[in-house]
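Survey of secondary and tertiary structure
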Amino acid sequence: MAKRIRLCDDALIHELFQEESSDEDDFVENDSDDGEEDIVEEEIHDSDAEEAVQQPDEESLDIDEDDGDDVPLANVYLVRDKDRNVMKWAKSPPLPRNVRTRAENIIVRLPGTKGEAREKFSEIECFNLFMDDKLIRLIVTSTNIYINLIREKFQRDRDARMTDDVEIRAFLGILFISGALGSSRKKTKFIWDNSKGSGVECCYLAMSEKRFHFLMRCLRFDDYRDRQQRREIDRLAPIRELFELIIQNFQTFFTPSEFCTVDEQLIAFRGKCPFRMYMPKKPARYGIKVYALVCAKTMYTVNLEIYAGTQPNGPYKTSNSSEDVTMRMVEPISSTNRNVTIDNWFTSVSLAEKLLKEKKLTVVGTIKSRRVGVPHELRPCRDRQINSSLFAFHKKKTLVSYCPKPNKAVILLSTMHDDDKIDDETGPKQKPEIITFYNKTKIGVDVVDQMCAKYNVARNTRRWPMVIFFDLMNISSINALCVYKFNQRTAKKLSRTEFIQKVAWELIKPQIERRCQIDGLPVQLKKRGKELLGIIPDGPQQRQNNAIGRCHLCPRQKDRKSRKNCDKCALKVCAEHSFTVCRDCF
């Protein structure tokens, strides 16, 4: 199966890029993780593809003519590699031209759902593939451990009662419904306000506002008692286990398309964090950097890796070089003949050779002109004609230097292309096909970022593990939607808003059912909850006794008592909210 480009159109991308503003929340957790140091690292690399004219590097040009093995310099570009050996880049494509599709461009695993995911057709079933029972139990166990440690600070036991699977799922559902309605950053009093009809009904039917704040404060993802010991060898100890579980689920149930993107995203965060980054070119500027491998067609996230700075010596200490990061990120699609699109921070000649040889993956990406192995003739030059292209070919690797503006140049490296074709659809700009392909496949991670921001579930917090958890929730909903759409290709199209709302309702529904059975719940909430659940009494309710009770229609402030009961619902009602009719008039 040859690689073919069939990606999102510009209209869809523009729609996904739209963001909605929202007010800030009045509730912020007042406890950060104990013993957390605060370090800010600045991102030093520049991913801008265009490069301007610079002074020539005389050392890189120092190559003897004899190093070319009697090949005329007019037909090749000579440059030294990282081992100081001479590389010969041909100026024209190799002959003879291959008519058949290259072996490197034939994928061996068809994209789509796999395993258990093939049998999931409802919204909540697709979501539960990623937020499964094992992950929920981990959250419940870790949260209850922390609640047990702090419950002595509360005077009443009911204010610090333990949680369970049903309540945690309802908590996640409230976060999802708030994000879908654009209320994740708004004050919670507006979400739980049912007096004027401005609140979100399923939220205050599932739990009280006070309980929601309590769970926000106590939510944990590891055993808090031995965290300090694990932190000595792992900076990501507070969320390591949950992060690995959900990444494993991402890779288990879906196979990405033949075009993938590796890039970095910045999760906005300004609290204390030992690996917080400062990236001035990102909208948030401060936050946690995460590397992501995303399918460029379906926007399905396959792999994630949190940048934790320099890890302590131990099993989690890894290299943060661009080449090593890329090799780890593409591990889930290794030996599948897929293409990976990357920017100039990741791209190098040695990386392209290693991916093709060890991982059987092709690569397309912008590359810096000063990288080892790039001929200096491809660098920006004042004599270059606008919209002109220079090509170089060497052992299944292709370099192209395109001049979009005066004194500017964009250099790309590709192991997927082996020719110097120009895209006719670009008109007078005469862009090479390598550049048009790169522009269509580089958007994977950026689109996922914008989709997460569109219906973001994140609330204000000072704890960085919560920020990562919110991001995992956003990505899980996007991946679940990808699975749902793939399995429901012939069904009616479902918008992402409707999908999230249906998932949220299925998460909240069991909690409402259980809460309606509580005797102390206000009658109005219990009645409305049963109406939403579709619970209809089997027959007419029995008339209550002649005891005195509060009118269920009057506000609690009036505390109006009555002996009368409604003949239909058997609830107490006062004279103001009832009327008497004779049998003939009735």
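In the block above lies the structure referred to throughout.
About the cut-offs
Sequence order as written defines residue numbering, which begins from 1 separately in each chain. This being a predicted model, a pLDDT of at least 70 is required before a residue's local features are given, and a value of 80 or more before pairs of side-chain atoms are given or counted; all residues contribute to the totals for chains, interfaces and linings. Think of the side-chain values as coming from all heavy atoms in the structure, minus any hydrogens and water. Type-normalised accessible area, obtained with a 1.4 Å probe on protein chains alone, sets the label of each residue: buried when under 20%, exposed when over 50%, and partly exposed for intermediate values. A run of H or I in DSSP becomes a helix once it reaches four residues, and a run of E becomes a strand once it reaches two; helices and strands are each numbered from the N terminus. Looking down the strands as they point away from you, a crossover is right-handed if its path from the first strand over the helix to the second goes clockwise. At least two bridges found by DSSP between two strands are what make those strands a pair. The working definition used for a salt bridge is a side-chain nitrogen of Lys or Arg within 4 Å of a carboxyl oxygen of Asp or Glu. By definition, residues are in contact when any of their heavy atoms lie within 4.5 Å. Here a Phe, Tyr or Trp ring, Trp counted by its six-membered ring, pairs with any other such ring whose centre lies within 6.5 Å, and the pair is stacked when the planes are under 30 degrees apart, edge-to-face when over 60, and tilted otherwise. Here, over-ring charges are defined by two tests on the NZ atom of lysine or the CZ atom of arginine: distance to the ring centre within 6 Å, and angle to the ring normal within 35 degrees. Asp and Glu are treated as the negative residues and Lys and Arg as the positive ones, with His and the ends of the chain left uncounted. The definition used for a disulfide is geometric: two cysteine sulfur atoms within 2.5 Å.

A closer look at the pairing of strand S12 (residues 362–366)
Remember that side chains alternate between the two faces of the sheet whenever the strand is regular. The element S12 is largely enclosed, with a buried count of five among its five residues. Taken together, strand S11 (residues 339–342), helix H11 (residues 349–359) and S12 form a β-α-β motif whose crossover is right-handed. In this structure, S12 lies alongside strand S15 (residues 408–414), joined through three bridges in antiparallel fashion. Looking at the pairing, Gly365 lines up with Leu413 of S15.

A closer look at the pairing of strand S3 (residues 76–80)
The element S3 is extensively covered by neighbouring structure, given that four of its five residues are classed as buried. Where S3 lies against strand S4 (residues 86–90), five bridges are found, and the strand directions are antiparallel. Paired with Arg80 across the bridge in S4 is Val86. Linking S3 to S4, which pair antiparallel, is a turn of five residues; within it Arg84 sits at a positive phi near 65 degrees.

Digging into the pattern of salt bridges
Between side chains of opposite charge, a pair can form as their charged atoms come close. Taken as a whole and assessed by the stated rule, the structure comprises 24 salt bridges. Here Arg230 ties to Asp222 by a salt bridge, and the two come within 2.6 Å at their closest N and O atoms. Judged by relative accessible area, which is 25%, Arg230 ranks as partly exposed. Among the residues examined, Asp222 registers a relative accessible area of 4% and is labelled buried.

Concerning the side chain of Gln511
Turning to its location among the elements, Gln511 is positioned in helix H15 (residues 496–515). Accessibility expressed as a relative area gives 7% for Gln511, which makes it buried. With residues near it in sequence (within four places) discarded, Gln511 still touches Val166, Glu167, Ala170 and Ala206.

A closer look at the packing of aromatic side chains
A full pass over the atoms with the stated rule returns 20 aromatic pairs. Ring geometry for Phe130 versus Phe250: centroids 5.6 Å apart, planes at 65 degrees, classification edge-to-face. Taken as a pair, Phe130 in the loop between helix H2 (123–128) and helix H3 (133–150) and Phe250 in helix H9 (residues 240–252) lie far apart in primary sequence, 120 residues in all. Comparing Phe130 with Phe250, the two get one shared label, buried. Look at Phe130 and Tyr300: their rings are 6.3 Å apart centre to centre, the planes differ by 55 degrees, and that puts the pair in the tilted class. With Phe130 in the loop between H2 and H3 and Tyr300 in the loop between strand S9 (286–295) and strand S10 (301–306), the pair connects residues that are 170 residues apart, well separated along the chain. The same class applies to Phe130 and to Tyr300, which are both buried. Here the aromatic residues Phe130, Phe250, Phe253, Phe254, Tyr300 and Phe486 are joined through ring pairs into a cluster of three or more. We note Lys289 situated over the ring of Tyr307; from NZ or CZ to the ring centre the distance is 4.5 Å. When the ring centre of Trp345 is taken as origin, the NZ or CZ atom of Lys289, which lies over that ring, is 5.6 Å away.

Description of the side chain of Arg515
Inspection of the secondary structure puts Arg515 in helix H15. Although buried, Arg515 forms no salt bridge, and the nearest oppositely charged side chain, Glu167, lies 7.9 Å from it. Each residue touching Arg515, except ones within four places of it in the same chain, is listed here: Tyr204, Leu205, Ala206, Met207, Ser208 and Leu521.

Remarks on the state of the cysteines
Within the structure shown, the criterion is met by zero disulfides. Cys203 forms no disulfide, and the closest cysteine sulfur to it belongs to Cys202, at a distance of 4.4 Å. Taking relative accessible area as the criterion, Cys203 reaches 0% and is therefore assigned buried. Unpaired in terms of disulfides, Cys295 finds its nearest cysteine sulfur in Cys260, a separation of 5.5 Å.

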